[in-house]
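Each chain is listed here by its residues.
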Amino acid sequence: MLRSTWTTGRRGALLGASAAVVCATLTACGNTGDGYVAVGPPRPSATAARPTGSVTLVPLDGTSKSPTASGTSGPGPAPAPMSTPGPSSPPGPSAPPAAKSGGSKASSPPPTPTPAPTTAPRTSAPPIPAALTWGTPTRKATDKRWCEDVTLGFHNSGGTAVRSGTVTLGTHIIGSLGIDWATIKTTEQLPTPITANARKNGTWTVCVDAWRVPLGMHIETRDVSAEWH
């Protein structure tokens, strides 16, 4: 004897149809005993087997989650909320970038170029100026007591020629007893030019006033001085 339970509605109609199919199957297999046909879902067994392999969970919304070996995956750590500075707390100055660590070697300054030795220009030494010397005057009497011819030899030992100059002669008036009564100076022109390291003679007729040399007196030219350029 089969017992079936009918449930109204759409779900009941489906369950009734399933029960009728089960009953027909049992009749065809020769099962004539009394029994009940389960029309509802089977009850879960207390000893239901659990999956032994790893289970991969695939999300339906497209986000990727890393699978776990135990078959279960817990929620990941929640992202830290981002804080935005409000109007009352303006952002402070940014910290300077940290210096890179490493064995960087400080660049050494370029070597100082050695200046080339300079040769001082040769300057010509200034010429040695003229240096005039002379000897003792040579005197020669004339037909007048108050005049005589005087000759002088000059030597220029310098490096520059004597272009012009004068010679001053000092003539002494000597009395009959050898007394030197006076000295008269006479200026004459030098026998220029006198070149460097050269010698040259000059002769002049030196005279004094006639009244200075009375009868019995004479003159002697002894003193010499010169100026030249």
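For the structure, check the block above.
Attention in this report is confined to the structure presented alongside it. All figures in this text were calculated on a predicted structure; none of them were measured in a lab.

**A look at the overall build of the protein**
Argument step 1. Each helix and strand in the protein was counted, giving one helix and seven strands.
Argument step 2. The order of α-helices and β-strands along the protein, N terminus first, is α-β-β-β-β-β-β-β.
Argument step 3. Sorting the 229 residues of the protein into buried and exposed places 19% on the buried side.
Argument step 4. Taking the intrachain contacts of the protein between residues at least 6 apart in sequence as the baseline, contacts between residues at least 24 apart amount to 65%.
Argument step 5. Approximately 18,300 Å² of the protein is accessible, and the part contributed by carbon and sulfur atoms is 59%.

**As for the state of the cysteines**
Argument step 1. Under the defined criterion, the tally for this structure stands at one disulfide.
Argument step 2. With a sulfur-sulfur separation of 1.9 Å, Cys147 is cross-linked through a disulfide to Cys207. Handedness here is read from the sign of the S-S torsion; for Cys147 and Cys207, about 120°, the answer is right-handed. Taken as a pair, Cys147 in strand E3 (residues 147-156) and Cys207 in strand E6 (residues 198-207) lie far apart in primary sequence, 60 residues in all.
Argument step 3. With relative accessibility at 8%, the residue Cys147 sits in the buried group.
Argument step 4. Residue Cys207 is classed as partly exposed on the basis of its relative accessible area of 36%.

**Description of the environment of Arg145**
Argument step 1. Mapped onto the elements of the fold, Arg145 is located in the loop between strand E2 (138-141) and E3.
Argument step 2. In this structure the C-alpha to C-alpha distance between Arg145 and Ile219, which are 74 residues apart in sequence, comes to 7.2 Å.
Argument step 3. If sequence neighbours within four positions are ignored, Arg145 has contacts with Val213, Pro214, Leu215, Met217, His218 and Ile219.
Argument step 4. Reaching out from Arg145, the side chain makes a polar contact with the backbone oxygen of Val213 at a distance of 3.1 Å.

**Description of a nonpolar patch on the surface**
Argument step 1. On the surface, Leu177, Ile179 and Trp181 cluster together to form a nonpolar patch covering roughly 400 Å² of accessible area.
Argument step 2. Relative to the helices and strands, Ile179 is located in the loop between strand E4 (165-174) and strand E5 (180-189).

**As for the sheet that holds E4**
Argument step 1. Here three strands make up an open sheet; going across it, the order is E5-E4-E7 and the pairing antiparallel. Only two strands of the sheet have a single partner each, and these edge strands are E5 and strand E7 (218-228). Across the sheet, the mean angle from the axis of one strand to that of its neighbour is 20°, orientation sign disregarded.
Argument step 2. Both E4 and E7 contribute to a ladder of 10 bridges, which runs antiparallel. Across the sheet, the residue bridging to Ile174 is His218, located in E7.

**Details of unusual backbone geometry**
Argument step 1. Between Thr192 and the following residue, Pro193, the backbone shows a cis peptide bond with an omega angle of -5°.
Argument step 2. Looking at the secondary structure, you find Pro193 in the loop between E5 and E6.
Argument step 3. Positive phi, close to 55°, is recorded for Asn197, a residue that is not glycine.
Argument step 4. Its location among the elements puts Asn197 in the loop between E5 and E6.

**Considerations on the pairing of E2**
Argument step 1. Judged from the four bridges that link them, E2 and E3 form a sheet pairing that is antiparallel. What sits directly across from Ala141, in E3, is Glu148.
Argument step 2. Counting the residues between successive antiparallel strands, the hairpin from E2 to E3 contains five residues.

Cut-offs applied
- Residues numbered from 1 in each chain as written.
- Predicted model: local features only at pLDDT ≥ 70, side-chain atom pairs only at ≥ 80, totals over all residues.
- Heavy atoms only, no water.
- Helix = DSSP H or I, 4+ residues; strand = E, 2+ residues; numbered from the N terminus.
- Buried < 20%, exposed > 50% of the residue type's maximum accessible area, 1.4 Å probe, protein only.
- Contact = heavy atoms within 4.5 Å.
- Areas by Shrake-Rupley, 256 points an atom, 1.4 Å probe, with all protein chains shown as cover.
- Disulfide = S-S within 2.5 Å.
- Polar contact = N/O pair within 3.5 Å; in protein donor to acceptor, adjacent residues only side chain to side chain.
- Patch = residues over 30% accessible without salt bridge, like charges linked within 9 Å, V, L, I, M, F, W, Y side chains within 5 Å.
- Salt bridge = Lys/Arg side-chain N within 4 Å of Asp/Glu carboxyl O.
- Pairing = 2+ DSSP bridges.
- Axes fitted to C-alpha atoms, helices over the stretch in contact; angles between N-to-C directions.

Don't take any of this as a statement about function, it's just geometry.
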